[in-house]
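Working through the structure, step by step
So you can see what is in the structure, the chains are spelled out below.
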Amino acid sequence: MIPYGRQDITQIDIDAVVEVLQSDFLTQGPMVPRFEQGVARHVGAAHSLAVNSATSALHIACLALGLGEGDCLWTSPITFVASANCALYCGAQVDFVDIDPRTYNLCPSALERKLQVAEREGTLPKVLIAVHLCGQPCDMQAIAALARRYAFKVIEDASHAIGGKYQGEFIGNCRHSDITVFSFHPVKIITTAEGGMALTNSAELAEKMTLLRSHGITRDPAQMTHAADGPWYYQQIDLGFNYRMTELQAALGVSQMQRLDQFVARRHELAARYDRLLAALPVMTPWQHPDSYSGLHLYVVRLKLEQIGKSHREVFESLREQGIGVNLHYIPVHTQPYYQSMGFKLGDFPEAERYYAEAISLPMFQTMTRVQQDRVIEVLHEVLC
Ligand SMILES: *Cc1c(COP(=O)(O)O)cnc(C)c1O
């Protein structure tokens, strides 16, 4: 099976991890800060915190922004469930904004219309999570303008987008948001096995998230309520978690970061080749906003089912049967049973549901060979024509 995504691990990555195993610190040593500084410098953010997953990063990002009971968080229905679940962890409510039919990202005009209604009804969101689906950044300028007008905070879920750019600048610099989150799960662009990162330009948010990452405990006398009892002393001043990243993971991250630009460039080569060789097929290839350089975590095509004369499911199954490990990103979150039990129903977000009825993620990963890509294209020709 040619998978839809897979990690790219070299001997240099392996040596970096083994070196940590033979060192003094397996956790809370020098590699985590090194990884954090490397990513922050690369993308141009002032502060960065490595954590054990993007899900954890989203959770502490929401808490740091003060999200809690009685508040509401809005996000896109076309995302991994974690982008919505983080609100529920904080006791807040979730709502969704339908997608743009061209970018598949949260649609800024749908957002504006929903905000106008919410303002009248007194149900404005406290936080919006903009998900850069497939690595293509959302229209952050429009979102930031609405955030100023309606006074909500913005988190970028850039789990798909490290190495990508918005208006010529790296995603993660938080120019149009309060916090940006990356994921380093093995199918994503760079990996630390499990892992994530939160980036911000606010020293205050960084300090809050640092506390929340490690039990709410501080060793900084300036944060303590009274003078230390002695050199052993620490204080718990908030209720935090153990969301720390290990040194092994950070060493892998530092090593992978050396090849980030190369990884994204390779994904662009593969995408350009797909664009060219799928042009004659009854599929819609991904549209790229001219202002952006996608991280290209995913290459999603939409099937023109009337022309194909087969169902979405039939096409999907035929591709899998022939060894093409296609996938579907994502099942609209509001259609998940857990969300349906909260009152969401089919029909709530029609663009998202239309997308779901036609989308297929084709294999896309750095180490994909020309032969593998040719095979994907050949099978697509057989199945779709
Ligand atoms: C993968 C992913 C996450 C969760 O990442 P983890 O590191 O696995 O917790 C969150 N949001 C999006 C959009 C993702 O793709």
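Everything discussed here concerns the structure shown above.
Quick word on the site of the ligand
Contacts to the ligand come from 15 residues, most closely from Thr 55, Asp 157, His 160, Ser 183 and Lys 188. The contact in question runs from an oxygen atom of the ligand to an N or O atom on the backbone of Ala 54, over 2.9 Å. A distance of 2.5 Å separates an oxygen atom of the ligand from a polar atom in the side chain of Thr 55. At the level of secondary structure, the elements contributing two or more residues to the shell around the ligand comprise helix 3 (54-64) and helix 4 (82-89). Taken together, the residues that form the shell around the ligand break down as 5 nonpolar, 8 polar and 2 charged.

Examining the pattern of salt bridges
Counting across every chain of the model gives 15 salt bridges. Among the ionic pairs, Asp 13 bridges to Arg 259, the shortest N-O distance being 3.2 Å. Here Asp 13, found in helix 1 (residues 11-21), pairs with Arg 259, found in the loop between helix 8 (247-257) and helix 9 (260-277); they are 246 residues apart in sequence, far enough to count as distant. When sorted by exposure, Asp 13 lands in the same class as Arg 259, which is buried. We note a salt bridge from Arg 213 to Glu 36, for which the minimum N-O separation is 2.8 Å. With Arg 213 in helix 7 (residues 203-213) and Glu 36 in helix 2 (residues 31-43), this residue pair connects regions lying 177 residues apart in the sequence. The same class applies to Arg 213 and to Glu 36, which are both buried. Each of Asp 8, Asp 13 and Arg 259 takes part in one network of salt bridges that share partners.

A few points about the sheet that holds strand 15 (residues 359-362)
Taken together, 3 strands build an open sheet; the order of strands is 12-14-15 and the sheet is antiparallel. Of all the strands in the sheet, just strand 12 (283-284) and strand 15 have a single pairing partner and so form its edges. Across 4 bridges, the pairing between strand 14 (residues 299-303) and strand 15 is antiparallel. By the bridge assignment, Arg 302 is partnered in strand 15 with Ala 359.

Remarks on the sheet that holds strand 5 (residues 153-157)
Overall, mixed pairing links the 7 strands, which are arranged 1-9-8-5-4-2-3 in an open sheet. At either end of the open sheet lies a strand with only one pairing partner, and these are strand 1 (47-51) and strand 3 (93-96). Geometrically, the sheet is characterised by an average inter-axis angle of 20 degrees between neighbouring strands, direction not taken into account. The pairing of strand 2 (residues 72-75) with strand 4 (residues 127-131) spans 2 bridges and is parallel. Residue pairing in the sheet places Trp 74 in a bridge with Leu 128 of strand 4.

Remarks on the pairing of strand 9 (residues 196-200)
Among the 5 residues in strand 9, 5 count as buried, and that is most of the element. By the alternation rule, side chains of strand 9 split into Gly 196, Ala 198 and Thr 200 and Met 197 and Leu 199, which are all buried. With 5 bridges connecting them, strand 1 and strand 9 associate as antiparallel partners. Pairing of Leu 49 across the sheet is with Ala 198, part of strand 9.

Observations regarding unusual backbone geometry
Of the consecutive residues His 329 and Tyr 330, the connecting peptide bond is found in the cis state with omega at 5 degrees. With respect to the helices, strands and loops of the structure, Tyr 330 is situated in the loop between helix 11 (312-321) and helix 12 (337-340). Phi at Gln 28 is positive, roughly 55 degrees, even though this residue is not glycine. Structurally, the position occupied by Gln 28 is in the loop between helix 1 and helix 2.

Things to note about the packing of aromatic side chains
With the rule as written, the count across this model stands at 10 aromatic pairs. Both rings, one in Tyr 104 and one in Tyr 355, keep their centres 4.8 Å apart while their planes meet at 50 degrees; by these two values the pair is tilted. One end of the pair, Tyr 104, is in the loop between strand 3 and helix 5 (108-121); the other, Tyr 355, is in helix 13 (residues 350-356), and 251 residues separate them in sequence. The pair Tyr 104 / Tyr 355 is uniform in exposure class, with both members buried. On the numbers, 6.4 Å between centres and 45 degrees between planes, the contact of Tyr 339 with Phe 344 is tilted. Note on accessibility: Tyr 339 and Phe 344 belong to one class, buried.

Rules used throughout
Residues numbered from 1 in each chain as written. Predicted model: local features only at pLDDT ≥ 70, side-chain atom pairs only at ≥ 80, totals over all residues. Heavy atoms only, no water. Near = heavy atom within 4 Å. Polar contact = N/O pair within 3.5 Å; in protein donor to acceptor, adjacent residues only side chain to side chain. Helix = DSSP H or I, 4+ residues; strand = E, 2+ residues; numbered from the N terminus. Nonpolar A, V, L, I, M, F, W, Y, C, P; charged D, E, K, R; others polar. Salt bridge = Lys/Arg side-chain N within 4 Å of Asp/Glu carboxyl O. Buried < 20%, exposed > 50% of the residue type's maximum accessible area, 1.4 Å probe, protein only. Pairing = 2+ DSSP bridges. Axes fitted to C-alpha atoms, helices over the stretch in contact; angles between N-to-C directions. Phe/Tyr/Trp six-rings, centres within 6.5 Å; stacked < 30°, edge-to-face > 60°.

Everything listed is a geometric property; what it means functionally is a separate question.
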